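Read off the chains here:
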Amino acid sequence: MGMTSAAQVTRLLALVPYLQAHPDADLAATAATFGVSTRQLVADLNVLWFCGLPGGLPGDLIEVDMDALDAGRIRLSNAEFLARPLRFTMEEATSLAVALRALEEMADAELAGSVRSARAKLESLFGGAERIDVSVSAGEENVRGRLAEAIEAGVAVELMYHGASRGSVTQPVVDPVQLATRDGYGYLVAWAPERDGWRTYRLDRIGGVRVTDQPVGEHGEAPALASGWLDERPDAARVTLDLTAAGRWIVEYHPTVSVERLPGQVWRVELLVADPAWLRRLLLRLGPAVVRVDPPEAATSAVDAAREALALLRA
Amino acid sequence: MRGTTPGSLGGVSARKSERILNLTICLLMARRFVEREQIRTLVEGYQGLSQATFERTFERDKDELRALGVPVETGSNNPLFPDEVGYRIRRRDFELPPLEFDAGELAALGVASGVWDSARLAERATQAVAKLRASGLDPDASRVAAFAPSVAAHEPGFEVLWQATLEQRPVAFRYRSRPRVVEPWRLTSRTGAWYLIGLDRTRGEGRSFKLSRLESEARFAGDPGTIALPDPDVVAAHLASLEARRDAPALVAVREGAAGDLIRFAEPADARVPEGYRAWRVELGRDAAGDLAWYGADVLPLDPPELVAAVRAHLEAVAAWA
C-alpha cells in the first residue's frame, strides 16, 4: 500500500499537535485534512498509543480515548511534550511558495494581495523559491474579479467572448462555477444553458463580463479541468495527420491519442477532434507541414478556406 | 498495560514508526546529549536488540529522522572526553516558529495546497498545510472557493531539477543527443511546459532546456551551493526568449466581426481592403505566415510584401491537398 514509515512519522509529528489544537476532532474530517483514509488514521492513533516519554510507564504515554474513537471523535491527551509541529522542510515551504505564484496569476485584486504577503512570509523562511516560477495566461485582473464576485454571489454572467474557433465575438450567458487552469492557461468553467452542458472559456479571450441578477441553477459538480474531459467528448472524431518535423510541435500543445514515427522524418499523429472549426484552423496553421490527412474529408473545409483567401489575395 | 501489537495496518512498519517517534521524544526532552547506551535502554524499540542490530537500527533511524527535517545534533557532554558522543534535538530548532498569517493569507495557502498536479509536490504541500493546522492556523477555503488553479509537473526529470535549482547544485542529463552538465539558474513553467535555464558547462554558455525533451534521467552532478548565479538580466533575457515573440509589425485586412483575439490590442489603419473588411496594424510572432493562415479568409496580409508572399505560399500548400 506504499505507506512508508517515513510518511507515517511525518504525519504523526503533525497529528499530535493538531489533535491538541483541535480537541474532540472529527475522525473523518481529520483524515481528510491529512490526506489519508480513516482506516489509516486509526492505525496512526494505534501507533501513538505506544509512544510517550522515555521510561514507558503508563502515565508517560500518550492517551487516546478509545471509546470516543468508536464514536468517530478523537480525544488525545498527555502529549504536552509535542505541542508544536516540526518546522517546514525547504521542499514543503517552496512547494507552497511556488503554488502561490501560480495562484497569484489567477487571482483577483483582493486575493492577490493576500497571496503576495503569504508568499513573502514563506520565502523569508527559505531562500531559493524565487528561482522557480509558473506563468499562467489568465487575462485581465478585473475580468477575474467580476467572475469571482459572480461565483460567490451565485449569479449568471454575460461574457464578451472572443472565441478561437469561430474568430468572432459571442455573448453567452452562463452559470460560472470556477476559475481553473490547464496547460498554462486560465479558464472559466461554467454551465452553458444554451448548450445544456459544461463549457470552458479561456480567460484571456474574455473581453468583458456583465454580472446579472439571475441566480445560477443546480448542475451538480463540474468535471475537473485537468482530467482531460475536453478530450473525452462523445462527439469527438478521430483524425490522423502525417507531419514533417516542422509540424511536430502540435504533439506538445494538443492532447493526442497516439504518436508514431514513420521512416523519412515523418510523424503520424492521431487526434480527437470535437470541433471541426478547430481542426480547420489547425490544418491552416500547419500548412506545408502536413503530408497526409486521414480521413481526407477532414481537410475539405481547410482547403475551401485556403482557396477563398487566395482568391481574395489575388483580387 | 496496553495491548500487544496494533491491528492489521500495523506490523513491522508501525513498530518502526513507534520506535522513531519514541526516539524523537527522548532526544527532544533531554537537556543534555544522550549517549547511545542510554538510548538503547530508554527507547523501548531498541530494548532486547543485539549490540550489532541496535547500532545498525539506530544509525538508520537517525538518518531517516534527519531526512524528514528533524535536526538531530551530535556532541559530547564532557569536554574532557569528546569521544563520548551523544545526541539531542533542540526544541528551538525542531519546532515550527510562530508564524502569523491573517485570514486572507491562510485562505490563499489553503488554495495553494491543492494546486500541484504532481504526486510528490502535492504531498509536500499537504504536509505543509497540515503543519500550519497543527499549530492552530486553519485555512478557510470557502472564502476563495472560486479559485482552483493547478500546476502539472509530470516530466520525469522534474523532481531532481526542482531540488537542484533550490539547492544550487549542478545536474547531468542527455539533451539533443549529447550528455550535458548544467548549472541550474531558473526553473520555469510557460504555457504548461517546464523549462530549465542554466549554464551548459559542456558548451560554456547559458541556454534553456525543455524538460519534456530530456533524453535521460537527470541526476545530481555536484554538491549543494556549488554554483553561482549570473546577473539577473541574463536570466531575464533567456526568459524573454521563451515567450512567443510578437514584435514584427504588419498590416492586415480583417473581416468585420472576426479575429477578435488578433485585433483586440491592434490599431485601425487606412488601406484598400475587400468589401466587408477593415485594415489593422498588428504585431506578429516568428511563425507569422502560419499564425495568419490560422484565420483562413478572415484575415488577409497586406504588408510587408514578404509576409504576403509567405502566407500565399502557405495557403497554396493547403489548397493543393484536394
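Residues numbered from 1 in each chain as written. Chains lettered and ligands numbered in written order. Predicted model: local features only at pLDDT ≥ 70, side-chain atom pairs only at ≥ 80, totals over all residues. Heavy atoms only, no water.

Looking up chain A in an unreviewed UniProt entry gives the name WYL domain-containing protein, with the organism given as Propioniciclava soli.

With that out of the way, let us pick up the interface of chain A and chain B. Counting residues at the interface gives 115 residues for chain A and 116 residues for chain B. Buried surface at the junction of chain A and chain B, summed over both partners, amounts to about 10,300 Å²; 63% is from carbon and sulfur atoms. Linking chain A to chain B there are ten salt bridges. Between lysine 121 of chain A and glutamate 105 of chain B there is a salt bridge; the shortest N-O distance is 2.9 Å. The interface formed by chain A and chain B contains 39 residue pairs in polar contact (both at pLDDT 80 or more). Broken down by element, the residue count for the side of chain A that touches chain B peaks at twelve residues, all from helix H5 (residues 90-106) of chain A. Pairing between strand S5 (residues 132-134) of chain A and strand S8 (residues 178-190) of chain B: three bridges, direction parallel. Pairing of valine 134 of chain A across the sheet is with serine 189 of chain B, part of S8 of chain B. (Contact = heavy atoms within 4.5 Å. Buried area = accessible area lost by both parts, 1.4 Å probe. Salt bridge = Lys/Arg side-chain N within 4 Å of Asp/Glu carboxyl O. Polar contact = N/O pair within 3.5 Å; in protein donor to acceptor, adjacent residues only side chain to side chain. Helix = DSSP H or I, 4+ residues; strand = E, 2+ residues; numbered from the N terminus. Pairing = 2+ DSSP bridges.)

Moving on, we come to the sheet that holds strand S15 (residues 290-294) of chain A. Residue and element names in this part refer to chain A. Reading across the sheet, the four strands line up as S13-S14-S12-S15 and stay open at both edges, with antiparallel pairing between neighbours. Two strands bound the open sheet, and with one partner strand each, they are strand S13 (256-262) and S15. Sheet twist, expressed as the mean angle between neighbouring strand axes with direction ignored, is 20°. In this sheet, S15 lies alongside strand S12 (residues 237-243) in antiparallel orientation, the contact comprising four bridges. Bridge pairing in S15 places threonine 240 opposite aspartate 294. (Axes fitted to C-alpha atoms, helices over the stretch in contact; angles between N-to-C directions.)

Okay, the domain arrangement of chain A next. Residue and element names in this part refer to chain A. Once the domains are mapped, chain A shows domain 1 (5-82), domain 2 (90-131), domain 3 (141-224) and domain 4 (233-314). Between the C-alpha centres of domain 2 and domain 3 the distance comes to 26 Å. Listed by partner, the interface residues are seven residues for domain 2 and nine residues for domain 3. Across the interface of domain 2 and domain 3, roughly 500 Å² is buried in total on both sides, 61% from carbon and sulfur atoms. Our enumeration of links across domain 2 and domain 3 arrives at three residue pairs in polar contact (both at pLDDT 80 or more). Top contributing element to the side of domain 2 that touches domain 3 by residue count: H5, with three residues. Considered class by class, the residues forming the side of domain 2 that touches domain 3 number four nonpolar, no polar and three charged. (Domains from an automatic or database assignment. Nonpolar A, V, L, I, M, F, W, Y, C, P; charged D, E, K, R; others polar.)

On to the domain arrangement of chain B, then. As a measure of interface size, the accessible area lost when the parts come together is often cited. All names here are of chain B. The domains assigned to chain B are domain 1 (12-94), domain 2 (103-152), domain 3 (158-241) and domain 4 (248-319). Using C-alpha coordinates to define each centre, domain 2 is positioned 28 Å away from domain 3. When residues of domain 2 are sorted by the area they lose upon contact with domain 3, Trp116, Arg120 and Leu121 head the list and together hold 71% of the total. Between arginine 120 and glutamate 159 there is a salt bridge, with its nearest N and O atoms 3.8 Å apart. In this structure, the connection of domain 2 to domain 3 is made through one residue pair in polar contact (both at pLDDT 80 or more). Of all the elements in the fold, those that place two or more residues in the side of domain 2 that touches domain 3 are helix H6 (119-134) and strand S6 (151-152).

Attention shifts here to the sheet that holds strand S15 (residues 299-303) of chain B. As summarised here, the arrangement of the four strands in space is S13-S14-S12-S15 (chain B), forming an open sheet in which the pairing is antiparallel. The open sheet has two edge strands with one neighbour each: strand S13 (267-269) and S15 of chain B. For this sheet, the mean inter-axis angle between neighbouring strands, taken without regard to orientation, is 40°. Sheet topology places strand S12 (residues 248-255) of chain B next to S15 of chain B; four bridges connect them, and they run antiparallel. Across the sheet, leucine 251 of chain B pairs through a bridge with aspartate 303 of chain B, a residue of S15 of chain B. Sitting on the sheet, helix H10 (residues 300-314) of chain A touches S12, strand S14 (277-284) and S15 of chain B, and the angle it makes with S15 of chain B is about 30°.

The geometry of an aromatic ring pair comes down to the distance between the two centres and the angle between the two planes. What the rule picks out here adds up to 15 aromatic pairs over all chains. Both rings, one in tyrosine 161 of chain A and one in tyrosine 201 of chain A, keep their centres 5.1 Å apart while their planes meet at 90°; by these two values the pair is edge-to-face. Highlighted residues: tyrosine 161 of chain A in strand S6 (residues 155-162) and tyrosine 201 of chain A in strand S10 (residues 197-202), separated in sequence by 40 residues. Of the two residues examined, tyrosine 161 of chain A and tyrosine 201 of chain A, each falls in the buried class. Note on tryptophan 116 of chain B and tryptophan 162 of chain B: the rings are 5.6 Å apart at their centroids and 90° apart in plane angle, and the pair reads as edge-to-face. (Phe/Tyr/Trp six-rings, centres within 6.5 Å; stacked < 30°, edge-to-face > 60°. Buried < 20%, exposed > 50% of the residue type's maximum accessible area, 1.4 Å probe, protein only.)

The next subject is the environment of alanine 31 of chain A. All names here are of chain A. Looking at the element boundaries, alanine 31 is found in helix H2 (residues 27-33). C-alpha separation for the pair alanine 31 and valine 42, spaced eleven residues apart in sequence, amounts to 9.1 Å. Once you skip the residues sitting within four places of it in the chain, alanine 31 turns out to touch Val36, Ser37, Thr38 and Leu41.

Glancing now at the packing of H5 of chain A against helix H6 (residues 109-125) of chain A. Residues and elements named next belong to chain A. Look at H5 against H6: their axes get within 9 Å of each other, and the N-to-C directions meet at 160°. It follows that H5 is roughly antiparallel to H6 by the angle criterion. Between H5 and H6 the crossing geometry is left-handed. For the pair H5 and H6, the contacting residues are Ala93, Leu96, Ala97, Leu100, Arg101, Leu103 and Glu104 in the first and Leu111, Val115, Arg116, Ala118, Arg119, Leu122 and Glu123 in the second. Its residues assigned to classes, the contact of H5 with H6 shows nine nonpolar, no polar and five charged. (Parallel < 35°, antiparallel > 145°, perpendicular 65-115°, else oblique. Left-handed = near helix turned anticlockwise from the far one by under 90°.)

The residue after aspartate 294 of chain A, namely proline 295 of chain A, is reached through a cis peptide bond having omega 0°. The residue after aspartate 303 of chain B, namely proline 304 of chain B, is reached through a cis peptide bond having omega 0°. Residue position: proline 304 of chain B is located in the loop between S15 and helix H11 (305-319). Of note, the phi angle at asparagine 78 of chain A is positive, near 60°, even though the residue is not glycine. Note that asparagine 78 of chain A resides in the loop between strand S4 (76-77) and H5. In this structure, glutamine 265 of chain A is a non-glycine residue whose phi angle is positive, near 55°. Tracing the backbone shows glutamine 265 of chain A in the loop between S13 and strand S14 (266-273). A residue is classified by how much of its surface remains accessible, and glutamine 265 of chain A, at 45% relative accessible area, is partly exposed.

What follows deals with helix H9 (residues 276-286) of chain A. Residues of H9 of chain A that are buried: Ala277, Leu279, Arg281, Leu282, Leu283, Leu284 and Leu286 of chain A. The first or second residue beyond H9 of chain A is glycine 287 of chain A, which carries a positive phi of 50°.

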